[in-house]
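# Understanding the architecture of this molecule
One-letter residues, chain by chain:
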Amino acid sequence: MRFQGKISSWKDDQGFGFVVQNGGGERAFLHIKAFENRTQRPAEGDLITYVQVRDDKGRFRAEQVCFVGQRRVAAAESGSWPVIWVLVFCAFIVSACYIGRLPWLIAGGYLLMSIVAFIAYALDKSAAKNNRWRTQESTLHLLGLLGGWPGALLAQRVLRHKSKKAAFLVVFWATVLINSAVLLWVLLRWR
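Residue numbers run consecutively from 1 along every chain, following the written order of its sequence. Local features are withheld for residues below a pLDDT of 70 in this predicted model, meaning they are given only at 70 or higher, and side-chain atom pairs are given and counted only at 80 or more; totals for whole chains, interfaces and linings count all residues. The side-chain quantities take in all heavy atoms of the structure and omit both hydrogens and water.

## Some remarks on the pairing of strand E2 (residues 16-21)
A pair of strands is considered paired only if DSSP assigns at least 2 bridges between the two. Numbering of helices and strands runs from the N terminus, with a helix taken as a DSSP run of H or I at least four residues long and a strand as a DSSP run of E at least two residues long. In terms of strand pairing, strand E1 (residues 2-11) meets E2 through six bridges, oriented antiparallel. Each residue of the ladder has a partner; that of Ser9, found in E2, is Phe18. Examined bridge by bridge, E2 and strand E3 (residues 28-31) share four bridges and lie antiparallel to one another. Across the sheet, residue Phe18 finds its bridge partner in E3, namely Phe29. The loop that links E2 with its antiparallel partner E3 comprises six residues; one of these, Gly23, has a positive phi angle of about 85 degrees.

Here it is, written out as structure tokens:
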């Protein structure tokens with residue numbers, strides 16, 4: 001059930017605050033990461049809609065947060081294009097290897113690096129949730145650049161991790177383009 005409320009306090013430098021339901025009720029903890037669409041910074045007094053959940057200590061927390069009047073970004077709306085894109089790319093690589101345009105070692109390299117990248121994203125998400133040491137973004141980008149971008153793209157979709165931070169995504173897609181350009185060069189030079 002979604003509630004509507006007003007942000008009663010907000011610490012922008014720390015990225016959290018509290019929300020109180022319209023019409024009263026218990027206040028809920030609100031974290032910047034709970035916002036589905038981070039196109040604007042929250043401020044005290046902003047009206048939001050949210051799903052209220054209890055944490056493991058029984059306290060209320062706001063999740064799936066949107067500003068009032070802002071369109072929600074549902075998981076289904078993001079579509080399955082990342083999965084389709086990865087499947088098409090994998091089919092292309094396997095086909096190119098099968099007809100002898102690429103060595104099978106390249107297909108194996110993409111598979112291995114994709115598995116490593118997916119695991120790295122999963123570990124980073126777990127570390128973020130449990131307030132542990134995080135994987136550097138540069139490491140995640142390096143894994144993508146070295147051929148792990150299909151696994152990274154799947155991790156962004158399946159784990160919903162690193163899928164909304166615009167600065168990260170710009171660099172991520174740059175690594176995809178660079179990796180694809182190198183693959184194209186190898187494809188044109190092989191045999």
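There's more to say after this.
## Quick notes on the pattern of salt bridges
Opposite charge on two side chains lets them pair, provided their charged atoms get close. By definition here, a salt bridge exists when the distance from a side-chain nitrogen of Lys or Arg to a carboxyl oxygen of Asp or Glu is within 4 Å. In total, this model carries six salt bridges according to the counting rule given. Here Arg61 and Glu63 are joined by a salt bridge, their closest N and O atoms 2.6 Å apart. Here Arg134 ties to Asp124 by a salt bridge, and the two come within 2.8 Å at their closest N and O atoms. Taken together, the positions of Arg134 in the loop between helix H2 (104-129) and helix H3 (137-158) and Asp124 in helix H2 put the pair 10 residues apart, joining distant regions of the chain.

## Looking at the pairing of strand E5 (residues 60-67)
As paired strands, strand E4 (residues 47-54) and E5 are joined by six bridges and run antiparallel to one another. Paired with Gln52 across the bridge in E5 is Ala62. Hairpin connection of E4 to E5: five residues between the antiparallel strands, including Gly58 at a positive phi of 85 degrees.

## A word on the packing of helix H1 (residues 81-98) against H3
Helix axes are fitted only over the stretch in contact, all axes being lines through C-alpha atoms; the angle between N-to-C directions runs from 0 to 180 degrees. Close contact between H1 and H3 brings their axes to 9 Å; oriented N to C, the two are set at 160 degrees. One way to sum up the angle between H1 and H3 is to call them roughly antiparallel. In this structure, H1 crosses over H3, and the sense of that crossing is left-handed. Mapping the contact onto sequence places Pro82, Val83, Trp85, Val86 and Phe89 in H1 and Trp149, Pro150, Leu153, Leu154 and Arg157 in H3. Across the contact of H1 with H3, the residue classes break down as nine nonpolar, no polar and one charged. The scheme is simple: roughly parallel for angles under 35 degrees, roughly antiparallel for over 145, roughly perpendicular for 65 to 115, oblique for anything else. In this scheme the crossing of two helices becomes right-handed for a clockwise turn of the near helix relative to the far one and left-handed for an anticlockwise turn of less than a right angle. Every residue pair with non-hydrogen atoms within 4.5 Å of one another is taken to be in contact. Polarity classes work like this: nonpolar for Ala, Val, Leu, Ile, Met, Phe, Trp, Tyr, Cys and Pro, charged for Asp, Glu, Lys and Arg, and polar for all others, with Gly in that last group.

## Details of a positive patch on the surface
Together, Lys33, Arg38, Arg160 and Lys164 line one region of the surface with positive charge. One can find Arg160 in the loop between H3 and helix H4 (166-189). Here the term patch refers to residues with relative accessible area over 30% and no salt bridge, with like charges joined within 9 Å and nonpolar side chains (Val, Leu, Ile, Met, Phe, Trp, Tyr) within 5 Å. Each accessible area value is a Shrake-Rupley result obtained with a 1.4 Å probe; residue values ignore everything except the protein chains displayed when judging cover. By the counting scheme adopted, Arg and Lys are positive, Glu and Asp are negative, and His together with the chain ends is not counted. Lys charges are placed at NZ, Arg charges at CZ, Asp charges at CG and Glu charges at CD.

## Topic: the UniProt feature "transmembrane region" (unreviewed entry) in the chain
Sequence positions flagged by UniProt for "transmembrane region" (unreviewed entry) are, in local numbering, residues 81-99, 105-123 and 166-188. Helix makes up 100% of residues 105-123 and strand 0%, whereas the separation of the span's terminal C-alpha atoms amounts to 27 Å. Summarising residues 166-188: 100% helix, 0% strand, and an end-to-end C-alpha distance of 33 Å. UniProt positions are given in the numbering used here, feature names are shortened, and annotations may be inferred rather than shown by experiment.

## Notes on the confidence of the model for the chain
Values of pLDDT, ranging from 0 to 100, describe the predictor's confidence in every residue of the model. Put simply, the chain has an average pLDDT of 88, and 94% of its residues get 70 or more. Predicted confidence for residues 74-78 stays below pLDDT 50, and this span has five contacts to residues more than four positions away or in other chains.

## Focus on the side chain of Thr175
Counting through the fold element by element, Thr175 comes out in helix H4. Each residue is assigned to one of three classes by its accessible area relative to the maximum for its type, calculated with a 1.4 Å probe on protein chains only: buried under 20%, partly exposed between the two thresholds, exposed over 50%. Overall, the relative accessible area of 8% leaves Thr175 in the buried class. Ignoring any residue separated from it by four or fewer positions in sequence, one finds Thr175 in contact with His141, Gly144 and Leu145.

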